Amino acid sequence: MMKAYPLLIEGLQVIIVLLGAPLMVGWVRMLKCWLQGRQSAGPFQPYRDISKLLIKDIVLAENASWIFRFAPYAVFGATLMAGSIIPIISVDLPLTATADIIALVALFAIARFFTALAGMDIGTAFGGMGSSREMMVASLAEPAMLMSVFTVSLVSHSTSLSHMAHTVMEGTLMLRPSLAFALMAFVLIAIAETGRIPVDNPATHLELTMIHEAMVLEYSGRHLALIEWAGMMKLFLFSSLGIALFFPWGIAVADEAMMLPVALIALVAKLALVGLLIVLIETRLAKMRIFRVTEFLGSAFLLATLGMLSYFMLE
Amino acid sequence: MNVNIAAQINSVLAALILLTAFGLLVQRRIYGLLHIFAWQGLFLSISTAIVGYTAGLHHLYISAILTLTLKVFALPYILYVLIHRLKIHKEVEDMVNIPTTMLIGIALVIFSYHLTAPIRELSTLVTRSTLAVALATVMLGLLMMITRKKAVTQIIGFLALENGLFFAATSATYGMPLVVELGVALDILIAAFIFGIFFFQIRTTFDSLDLKEMEKLKEED
Amino acid sequence: MTLLPLGPVFLSILLFLFTAAITPLFAGRPHALVRVSFLLSAAASLMALAGGFFAVSNGAVDTMTLPIGLPDLPFYLRVDVLSGFFVTVVSLLGLFVSIYSIGYVKGFIGQRPVSTLVVFYCLFMAGMLMVLISDDAYSFMVSWELMAASSYFLVVFEDEHASNRRAAFIYLLIAHIGAVLILLSFGVIAGFASGFESFNGYTFSAMRSSTITPAWASVAFLLAFFGFAAKAGMMPLHVWLPEAHPVAPSNVSALMSGVMLKTAIYGIMRVTFDILHISSWWWGGLVLVLGLVSAVMGILSALMQVDLKRLLAYSSVENIGIILVCLGLAMIFASFNMSVLAALALVAGLYHVLNHAMFKGLLFMGAGAVLHSTHERNMENMGGLIHRMKWTAPMFLVGCLSIAALPPFNGFISEWLIFQTFLLSPVLPSPVLNLLIPLGAALLALTAALAARCFVKAYGVVFLGHWRGAHQHGVHEAGLSMRAGMLLAAVSCLLLGVLPSFVIRWLDVIPQTLVGGTISLSAHEFGWLWLTPVSAGRASYSAPIVFLGILLVVAVVYMIFHARKTSIRRAPVWDCGFGKLTNRMQYNSTSFAMPLRRIFGFLFGIKEVARAAGDPALSPMFMDRYIYHLKMRDRIWYGLYKPVSDASFWFARRVGRLQHGRIQIYLLYSFLTLIVLLVFA
């Protein structure tokens, strides 16, 4: 029983990631509808969307190569791999040690790389535009992300995710401006990486503003389902990564099966709050011009750097 | 409230002051600048009060209240009225683009940390670590005055610079004597008024508040 | 059994020279020549590979003295772990490229004298290996010159264009300026080793035991560093690199970018860590800063290129920058006596040396295959090659994934180790370094992300989409031996990425010799599956598990979703109801880089002009044609090199006035000289 426990919990986490991600997106959409005075389709609509796409036939562009057909699987695989590494329900998952936070960022980078390639594969103007913009956003987000990671690892003396979560959980409660700055930077980066307003709008198909949607415009059927699903998981994972790094209280520690229900409830509550935050931000802000993203991510970099500086200067 | 927690809160406030100093550099809207400036004043006044409490220096409370009334309410209000009356363009115009200004700002923070290192080793006050932040705030205020075009942004930069000086005084030596502080506060107020009168003058002369117009004042060769 | 490593390496050099020597025997039989000579070079590389590999794994030092050269100044040869490692890198890529060359060089038969290429190829390989095993300044400089001269002839191989000759000239010029600096540096050190009256100081062993005053050590370091950096292509001494690498034949470009630059890295390591020993941290600081500048500027320049091989050449500048960053960090840590961290930085750097050799070799070979079949270097005219080159495309993709530092390929391992080193920098006792080094890490992250962007562009524009050029004739897959060479490099990229702990255990002896620290003990707490450079709590990465995990997930997802019966219908792309989509409507290299020109354009001198041509009265909104001009000036060339070259021309013209062509005046010069000498003698 004790042997099987880590495997069980790992399996449980993968299922939670797979099934929780559409639910979270559904929750966000529902809240948004409420806030904007529209009628919502309920939190389960994303499940229906995915299952509909999965049974639909595929229409492929004439010159789509194997890259185009392989990309959805690579994107989905890399994202799910990331999902099995982040401590979402338990800090001591067997797989958390396989990759630290830098490798985790690289896993998301694989997904992005293949999506961008798929965007270039058909040879339409939209696809190339999306790839170019996506890689621009990513290249600006990366230094900020590293700086934010640097700041958190200064506090925890580690880049291993479970160690980082442990340090914050068990450390004495102390006001740390560095962590606050890192958190703010992380929020900005997460918004940019998951393609939410004000950087990208996941609901738009207007050519001037599309980033992510432009790359995946030519997808259909199960390919589209996988890409959409991976996108939802990405939102879910960035939210839970933020939770694990900055608000880990409630995540189960070690081999205590009793902690799991508590951890689950805490997770649902925290993610619901994150969803609310996203909706508030998205309702309040308008999408920014594409070249304002430089300043947006520049501010993220600034905040993360201030976090690093204030660790040395003030703590 | 023990000293340790007070020092921690003070560090957080110092961090927030630094953040607002950068916020002033990054902000594009003039009303936004005023809000950020008011917040900076608020953090400064809280920090002064906390230093006063932990050090048992009661005259710092008076400075805190002065800061609160002047820098959080009075000055932003005066500037708001000025901007409103003069119908100034609502966007900040910069000479150096914002990301570059940010990078220069970060370099300045590191530089001031380097500069204050010897003082940090000598000082024994709980607030000594915030000195670098204070110096950085001064430099960032100056940077803002250098890199912005319009007169209004210059005065906000100047006021931010003064905030930094004030913060340096509280963090390095637990504040200046009360008389000096009162005098400085009065100076600031008067300066704001003089700036206001100048704005009107500049505008009536040049029909603009762009400081580039002042270049015309030199003699023709 | 202890295998002495110098023997195989020495024999391999002899075999290379032998191959060069027998070339005339094959006059008139170019096919046989190509096959025999490159098979022989492959064999020679294999031999050197064995020697280098055992030199590192045994940790042995093997020396030899050759009684050639000037009287009383014999050549000293020596293989230790450092040179063994570099011999391994050179010969491993040499092996792959030699196999590749069998097919590649065949393409030149009938167009060019293949035998020149073969001769200089062999001399070039021999020169590189000799540089690595020389143990005295004299033989080092001789081998260095052999390497530079033979590569010069390889660069001018296709000499019908003036631009190629110019590129080769710049290359030779900067290589020689570098060589002079290196020679001066050796002179300084040798002077301290034996005094200026004796010549015994020219061996490296004498130099190693010499005691140099810190000021002169710094002078020697600066001379050697800039001398080698000129060869390594560090900014701002890189100008020759993007000119010379693209114009050389692609197999030679692969060797130049992949391993020749590394001999310069070897030189820097040899001089700083082995001969001089690091005395102050600013050495490392200088290397770190210049490395970061090279990395960021290199990749930004790469992104702006439209020529595939130039793009790869600039990306070499970037990777050399990354390696220099590691060396700089190692020097900083070593100067503070933090041997474990210095070892970590060195391991990261050496790993990147190996990785870069593999993936850059692979990418240049891929570019060669593309060039070979399309006769096109301009990416704006390529596209859709994935349909025609079914083998080259996936292998080029492997190279792109590796260089973009994506797991499970090798680029990620070194990238990860470098970031770990950076993250450990807060233990340094200097507060200013603590604040500044993280900013370097951020720049490196920017570089990594831009590299990913650059290779999305390269792959997307060359292999994906539709053909962009006017007509597409005879695009075909590369031949068998070319594919074999690329496949071997691609497989090593994957293996180096999946099994890093074996490689690190193998090369861990190098930092132990150089800085006295090692990371292997902590790295293998949990066996070969795990990479834990400092401690398991600090950071861990398991490349095999990540690889298998991704593979498993992808396979399972594929099985579940792909096995279902759904029909796949091919259809034309939706064109929004307008006219047919043409291949000119695709994003190309220039448009892909456009956001970057907006953001980082201020670093370059960019002039963009876009205007519409056509009759505005006819339809003012929709012009017939749009004309777009983009001009980019290399600021470094115009800011740094142009003034120097102008000044030297100016000076030459002034001096030229002495020339009058009249014999009396020349006699007058001699007479005046004689008088002056007589007065002052």
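All right, on to the overall build of chain A then. For chain A, the count of helices and strands is 11 helices and 1 strand. Listed by position from the N terminus, the elements making up chain A come as α-α-β-α-α-α-α-α-α-α-α-α. For chain A, the C-alpha radius of gyration of 19 Å lies close to 20 Å, the compact-globule estimate for 315 residues. C-alpha atoms of chain A, sized along the principal axes, occupy 60 × 50 × 40 Å. Of all 315 residues assigned to chain A, the portion counted as buried reaches 68%. Within chain A, residue pairs in contact and separated by at least 24 positions form 80% of the contacts whose partners lie at least 6 positions apart.

This paragraph deals with the overall build of chain C. When its secondary structure is counted, chain C shows 25 helices and 5 strands. Since a compact globule built from 681 residues should have a radius of gyration of about 26 Å, the 27 Å found for chain C is in line with a globular shape. Taken along the three principal axes of its C-alpha coordinates, chain C extends 90 × 75 × 60 Å. Every one of the 681 residues in chain C was classed for burial, and the buried ones make up 59%. Contacts in chain C between residues far apart in sequence, at least 24 positions, make up 78% of those at least 6 positions apart. Summed over all atoms, the accessible surface of chain C reaches about 26,500 Å², with 69% contributed by carbon and sulfur. Each charge class in chain C can be summarised by its mean position, and for the 42 positive and 26 negative side chains these summaries are 10 Å apart.

Residue and element names in this part refer to chain C. On the surface, Leu668, Phe671, Leu672, Ile675, Val676, Val679 and Phe680 cluster together to form a nonpolar patch covering roughly 720 Å² of accessible area. Position of isoleucine 675 relative to the elements: it lies in helix 25 (residues 663-680). Residue classification places isoleucine 675 among the partly exposed positions, given a relative accessible area of 37%.

Turning our attention to the domain arrangement of chain C. Residue and element names in this part refer to chain C. Domain annotation for chain C reports domain 1 (1-196) and domain 2 (278-562). Each of domain 1 and domain 2 has a C-alpha centre, and these two points are 25 Å apart. With 20 residues of domain 1 at the interface, the matching set in domain 2 holds 26 residues. At the boundary of domain 1 with domain 2, total buried surface from both sides reaches about 1,900 Å², with 85% on carbon and sulfur atoms. Among the residues domain 1 hides against domain 2, the three largest losses belong to Phe85, Phe96 and Tyr100. Together they make up 34% of the total. Applying the counting rule to domain 1 against domain 2 returns 0 salt bridges. Here domain 1 is connected to domain 2 by 5 residue pairs in polar contact (both at pLDDT 80 or more). The element that contributes the greatest number of residues to the side of domain 1 that touches domain 2 is helix 3 (residues 81-106), accounting for 15 residues.

Residues and elements named next belong to chain C. For helix 14 (residues 392-403), spanning 12 residues, the distance from its first C-alpha to its last is 16 Å, which sits close to the expected 16 Å at 1.5 Å a residue. Those residues of helix 14 that fall on the buried side of the exposure criterion are Thr392, Ala393, Met395, Phe396, Leu397, Val398, Gly399, Cys400, Leu401, Ser402 and Ile403. In the stretch just after helix 14, alanine 405 is the one whose phi turns positive, near 60 degrees.

What follows is about the pattern of salt bridges. In this structure the tally under the stated criterion is 17 salt bridges over all chains. Residues Arg196(A) and Glu282(A) are paired through a salt bridge, measuring 2.8 Å at the closest nitrogen-oxygen approach. Taken as a pair, Arg196(A) in the loop between helix 7 (177-193) and helix 8 (212-215) and Glu282(A) in helix 10 (residues 259-284) lie far apart in primary sequence, 86 residues in all. Looking at Arg196(A), the relative accessible area reads 11%, which means it is buried. The buried category is assigned to Glu282(A), whose relative accessible area is 4%. With its nearest N and O atoms 2.3 Å apart, the salt bridge here joins Arg28(B) to Glu295(A). Of the two residues, Arg28(B) sits in the loop between helix 1 (3-26) and helix 2 (30-55) while Glu295(A) sits in helix 11 (residues 293-314), which places them in two different chains. Salt bridges here are not isolated pairs; linked through shared partners, they connect Arg78(C), Asp80(C), Asp135(C), Arg208(C), Arg270(C) and Asp274(C).

Counting residues at the interface gives 5 residues for chain C and 4 residues for chain B. Overall, the association of chain C and chain B removes approximately 440 Å² of surface from exposure, summing both partners, and the carbon and sulfur fraction of that is 89%. On the surface where chain C and chain B come into contact, there are 0 salt bridges. Where chain C touches chain B, the interface holds 0 residue pairs in polar contact (both at pLDDT 80 or more). Tallied by class, residues from the side of chain C that touches chain B come to 5 nonpolar, no polar and no charged.

Opposite the 75 residues of chain C that make contact, chain A presents 76 residues. Here chain C meets chain A over a buried area of about 6,600 Å², counting both sides, of which 74% is carbon and sulfur. Per-residue buried area on chain C facing chain A is highest for Phe561(C), Arg570(C) and Tyr587(C); these three make up 10% of the total on that side. Remark: the boundary between chain C and chain A carries 0 salt bridges. When residues of the side of chain C that touches chain A are traced back to their parent elements, those giving at least two are helix 14, helix 15 (410-423), helix 16 (431-463), helix 21 (543-562), strand 3 (568-571), helix 22 (589-592) and helix 23 (594-600) of chain C.

All names here are of chain A. Mapped onto the elements, phenylalanine 238 comes out in helix 9 (residues 221-246). Taking the relative accessible area as the measure of exposure, phenylalanine 238 reaches 5% and is therefore buried. A C-alpha to C-alpha distance of 9.6 Å links phenylalanine 238 and glycine 83, two positions 155 residues apart in sequence. If near-sequence neighbours (up to four positions away) are discounted, phenylalanine 238 is found in contact with Phe108, Phe186, Ala190, Glu193 and Thr194.

Right, let's get into the packing of helix 3 (residues 59-86) of chain B against helix 6 (residues 151-173) of chain B. Residue and element names in this part refer to chain B. Direction vectors running N to C along helix 3 and helix 6 enclose 175 degrees, while the axes themselves pass 12 Å from each other. What the angle tells us is that helix 3 and helix 6 run roughly antiparallel. Of the residues in helix 6, those touching helix 3 at Leu60, Ser63, Thr67, Lys71, Leu75, Leu79 and Ile83 are Val152, Ile155, Ile156, Leu159, Glu162, Asn163, Phe166 and Thr170. Looking at side-chain class alone, the contact of helix 3 with helix 6 contains 9 nonpolar, 4 polar and 2 charged residues.

This part takes up unusual backbone geometry. Cis geometry marks the peptide bond from Met235(C) to Pro236(C), where omega comes out at 0 degrees. In this fold, Pro236(C) is placed in the loop between helix 8 (214-232) and helix 9 (241-247). A cis amide bond links Pro407(C) to the next residue, Pro408(C), at an omega of 5 degrees. In this structure, Pro408(C) sits in the loop between helix 14 and helix 15. At His157(A), a position not held by glycine, the phi torsion is positive, near 55 degrees. For His375(C), which is not glycine, the phi dihedral falls at a positive 55 degrees. Tracing the backbone through its elements, the reader meets His375(C) in the loop between helix 13 (339-374) and helix 14.

The subject of this paragraph is helix 11 of chain A. The terminal C-alpha atoms of helix 11 of chain A lie 30 Å apart, and with 22 residues this matches the ideal 32 Å at 1.5 Å per residue to within 8%. Here helix 11 of chain A lies mainly inside the structure; 22 of its 22 residues are buried.

This part covers the nonpolar core. Ranked by size, the top nonpolar core spans 431 residues in total, and within it Phe85(C) and Tyr459(C) carry the most contacts. Counting residues per element, this core draws most heavily on helix 13 of chain C, at 23 residues. Beyond its immediate chain neighbours, meaning those up to four positions away, Tyr459(C) contacts Ile67(A), Leu117(A), Ile386(C), Ala393(C), Pro394(C), Phe396(C), Leu397(C), Cys400(C) and Leu464(C). Of all hydrophobic cores here, the second largest spans 5 residues; its members include Ala165(A), Met169(A), Ala244(A) and Ile251(A).

For Leu107(A), the position within the fold is in helix 4 (residues 101-121). What makes Leu107(A) buried here is its relative accessible area of 1%. With 32 residues separating them along the chain, Leu107(A) and Val75(A) place their C-alpha atoms 9.2 Å apart. Look past the residues within four positions of Leu107(A) in its chain and what remains in contact with it is Ala78(A), Met81(A), Ala82(A), Ile85(A), Pro407(C), Val546(C) and Ile550(C).

Now for a positive patch on the surface. Residues and elements named next belong to chain C. A cluster of like positive charges, contributed by Lys607, Lys631, Arg633 and Arg635, occupies part of the molecular surface. Position of arginine 635 among the secondary structure elements: in helix 24 (residues 635-656). For arginine 635, a relative accessible area of 47% translates into the label partly exposed.

Calculation criteria
- Residues numbered from 1 in each chain as written.
- Chains lettered and ligands numbered in written order.
- Predicted model: local features only at pLDDT ≥ 70, side-chain atom pairs only at ≥ 80, totals over all residues.
- Heavy atoms only, no water.
- Helix = DSSP H or I, 4+ residues; strand = E, 2+ residues; numbered from the N terminus.
- Rg over C-alpha atoms; globule rule 2.2 N^0.38 Å.
- Buried < 20%, exposed > 50% of the residue type's maximum accessible area, 1.4 Å probe, protein only.
- Contact = heavy atoms within 4.5 Å.
- Areas by Shrake-Rupley, 256 points an atom, 1.4 Å probe, with all protein chains shown as cover.
- Lys, Arg positive; Asp, Glu negative; His and termini not counted.
- Charge placed at Lys NZ, Arg CZ, Asp CG, Glu CD.
- Patch = residues over 30% accessible without salt bridge, like charges linked within 9 Å, V, L, I, M, F, W, Y side chains within 5 Å.
- Salt bridge = Lys/Arg side-chain N within 4 Å of Asp/Glu carboxyl O.
- Domains from an automatic or database assignment.
- Buried area = accessible area lost by both parts, 1.4 Å probe.
- Polar contact = N/O pair within 3.5 Å; in protein donor to acceptor, adjacent residues only side chain to side chain.
- Expected span 1.5 Å × (residues − 1).
- Nonpolar A, V, L, I, M, F, W, Y, C, P; charged D, E, K, R; others polar.
- Axes fitted to C-alpha atoms, helices over the stretch in contact; angles between N-to-C directions.
- Parallel < 35°, antiparallel > 145°, perpendicular 65-115°, else oblique.
- Core = buried A, V, L, I, M, F, W, Y, C linked by side-chain atoms within 4.5 Å.

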